[in-house]
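Descriptive analysis of the structure
The chain contents come next:
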Amino acid sequence: MRAAYTCAVVAYMLEQGVYFDNVYGVSAGSSNTVNYVSRDVNRAVGSFTEFVHLPNIGNWKTFLQHKGYYNAHYIYQQAGLPGGPLPFDINVFNANPAKATIVSFERDTGRDLFFQKEEMRTTDELMLRVRASSTVPLMMPPPQVNGRYCYDGGFAVGGGLPLERIQADGFEKVFVVRTRKRGYRKPAGGNTWAKAFFARRPLMRDAMLTRNARYNAACDLLDEWERGGKAYVFYCDDLTLSGYERDYDLMWHNFESGYVQINRDWGRLMAFLEKAEAER
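Here we summarise the structure given alongside this text. Everything quoted here is computed from the prediction, not taken from an experiment. (Residues numbered from 1 in each chain as written. Predicted model: local features only at pLDDT ≥ 70, side-chain atom pairs only at ≥ 80, totals over all residues. Heavy atoms only, no water.)

1. Looking at the pairing of strand E3 (residues 112-116)
Put simply, the test is: Two strands pair under a simple rule: DSSP has to find at least two bridges between them. Per the convention used, a helix needs a DSSP run of H or I reaching at least four residues, while a strand needs a run of E reaching at least two, with both numbered from the N terminus.
Sheet analysis places strand E2 (residues 99-106) next to E3, joined by five bridges and oriented antiparallel. Along E3, the bridge assignment pairs Ile102 with Phe115. Count of turn residues in the E2/E3 antiparallel hairpin: five residues, of which Gly110 carries a positive phi of about 75°.

So, in structure tokens, the structure goes:
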């Protein structure tokens, strides 16, 4: 839910007509990615604000029913259907020539999964993969994509910052939107419960137990890229949300803070992008 702050970046870019040719999404960032590629400002904002007013989004009752604290099947695979409360325009998404990559993690093999636009041609194919990228262990049951049980892309390469993949794909400059404040590093020991929960899933267990080290190393690399002019990073200056927030007014407050920040920083971002374009 920290993406209530960063969805303002998506909305602002769309309002300004700034379209990237290649977009990567991880966890909540996967929702931002597909909303951006479908060029839907209202859905980009509503997915992290009006969202909390949707029926059946989940609670402790659905958690005890093994549907998850967030009713992910409803949120991703039903709410976005035609006639749903957050309909997704799959036709615009498919027609947009931009590439989109959604990152997830396979529970039983420990493989990083990079879902490409070519395998997300229908709303259900797309939203199943967005759900997979956003599935938090314990809080949501893992969906199956082509028979593979998937969890949050935050357990994949870079602990959720796929810089190695971006570099391997041939990119030398990157604009990164973070849902943390500058300087944040993930503390050790936060996922020790995974030892018991995933006792029979050693690859998933190890991915959770090593995530903080891999994530922090990726943060250090991103800092190097930023210092070297390879990256422009948007950090949330005034973030006041937890990952599980449901307070509607607080989410709107954070969206507004994000909007003010990207408007303030817009000139610097444009200068970075113009320089990057000139160096191509």
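Next comes the rest of the write-up.
2. Side note on unusual backbone geometry
Phi at His66 is positive, roughly 65°, even though this residue is not glycine. Mapped onto the fold, His66 is located in the loop between helix H4 (60-64) and helix H5 (72-77). Of note in this structure, Leu138 is not a glycine but carries a positive phi near 75°. As for its placement among the helices and strands, Leu138 is situated in the loop between helix H7 (123-133) and strand E4 (144-145).

3. A closer look at the pattern of salt bridges
Pairing between side chains of opposite charge can happen when their charged atoms approach one another. Spelled out, the test is: In the sections that follow, a salt bridge refers to a side-chain nitrogen of Lys or Arg positioned within 4 Å of a carboxyl oxygen of Asp or Glu.
Counted under the stated rule, the structure contains 13 salt bridges. Counted as one network, the salt bridges with shared partners bring together Asp237, Arg264, Asp265 and Arg268.

4. Regarding helix H10 (residues 202-209)
Formally: Each residue is placed in one exposure class: buried if its accessible area under a 1.4 Å probe, protein chains only, is under 20% of its type's maximum, exposed if it is over 50%, and partly exposed if it falls in between. Relevant arc is that of directions from the helix axis to the C-beta atoms, nothing else. The contact definition used throughout considers only heavy atoms, calling two residues in contact when any of these lie within 4.5 Å.
Regarding H10, the residues found buried are Met204, Ala207 and Met208. Taken down its axis, H10 places every buried residue within 95° of arc, on the same side. Summarising the contacts, the buried residues of H10 are in contact with E2, strand E5 (148-151), helix H9 (194-197) and helix H11 (211-227).

5. A few points about H11
Quick reminder of the rule: Take the residue count of a helix, subtract one, and multiply by 1.5 Å to get its expected span.
The end-to-end C-alpha separation of H11 is 24 Å, in line with the 24 Å expected for 17 residues at 1.5 Å each. All of the buried residues along H11 are Arg211, Asn212, Tyr215, Asn216, Ala218, Cys219, Leu222, Asp223 and Trp225. If you follow the buried residues of H11, they end up packed against helix H8 (163-168), strand E6 (174-177), H10 and strand E7 (231-234). One or two residues past the end of H11 sits Gly229, with phi positive at roughly 80°.

6. Let's talk about the packing of helix H1 (residues 3-16) against helix H2 (residues 28-37)
Put simply, the rule is: In this analysis, axes come from line fits to C-alpha atoms, helices being fitted only over the stretch in contact, and the angle between any two N-to-C directions falls in the range 0 to 180 degrees. By definition in this entry, angles of less than 35 degrees are roughly parallel, angles greater than 145 are roughly antiparallel, angles of 65 to 115 are roughly perpendicular, and the rest are oblique. In a left-handed crossing the near helix is turned counterclockwise from the far helix by less than a right angle, and in a right-handed crossing that turn is clockwise.
Taken N-terminus to C-terminus, the directions of H1 and H2 make an angle of 20°; their axes are 10 Å apart at the nearest point. By the angle between their directions, the pair H1 and H2 is classed as roughly parallel. Note that H1 runs across H2; the crossing there is right-handed. On H2, the residues touching Ala3, Thr6, Cys7, Val10, Met13 and Leu14 of H1 are Ala28, Asn32, Asn35 and Tyr36.

7. Considering the layout of surface pockets
The test is simple: Any residue with an atom within 4 Å of a point lines the site, the site being either a cavity, points on a 1 Å grid over the protein atoms alone where a 1.4 Å probe fits but cannot get out, or a pocket, an open set with protein on both sides within 12 Å along at least 5 of 7 lines. Grid points are joined across faces, edges and corners, and a volume is the space filled by probe spheres set on the points. Under the scheme applied here, ten amino acids are nonpolar (Ala, Val, Leu, Ile, Met, Phe, Trp, Tyr, Cys and Pro), four are charged (Asp, Glu, Lys and Arg), and all others, including Gly, are polar.
Of the voids in this model, the second largest pocket is the one considered here, and its volume is about 230 Å³. If you go around the second largest pocket, you meet 15 residues; those closest to its centre are Leu138, Pro141, Pro142, Tyr151 and Phe197. Of the residues belonging to the lining of the second largest pocket, the class tally is nine nonpolar, two polar and four charged.

8. Re the packing of H2 against H7
Interaxial distance between H2 and H7 falls to 7 Å at its minimum, and their mutual angle equals 150°. On the basis of their axis angle, the class for H2 and H7 is roughly antiparallel. Considering the relative orientation of H2 and H7, their crossing is right-handed. Where H2 abuts H7, its residues Ser30, Ser31 and Val34 lie against Leu126, Val130 and Ser133. In terms of residue class, the contact of H2 with H7 is made up of three nonpolar, three polar and no charged.

9. Concerning the environment of Val174
Tracing the sequence through the fold places Val174 in strand E6. Spatially, the C-alpha atom of Val174 lies 14 Å from that of Cys219, the residues being 45 residues apart in sequence. Here Val174 is in contact with Ile166, Trp225, Lys230, Ala231, Tyr232 and Phe272, once residues within four sequence places are set aside.

10. A look at the environment of Tyr74
Of note, Tyr74 is situated in helix H5. C-alpha separation for the pair Tyr74 and Leu54, spaced 20 residues apart in sequence, amounts to 9.8 Å. In contact with Tyr74, other than residues within four places in its own chain, are Leu54, Pro55, Asn56, Ile57, Ala79 and Pro85.

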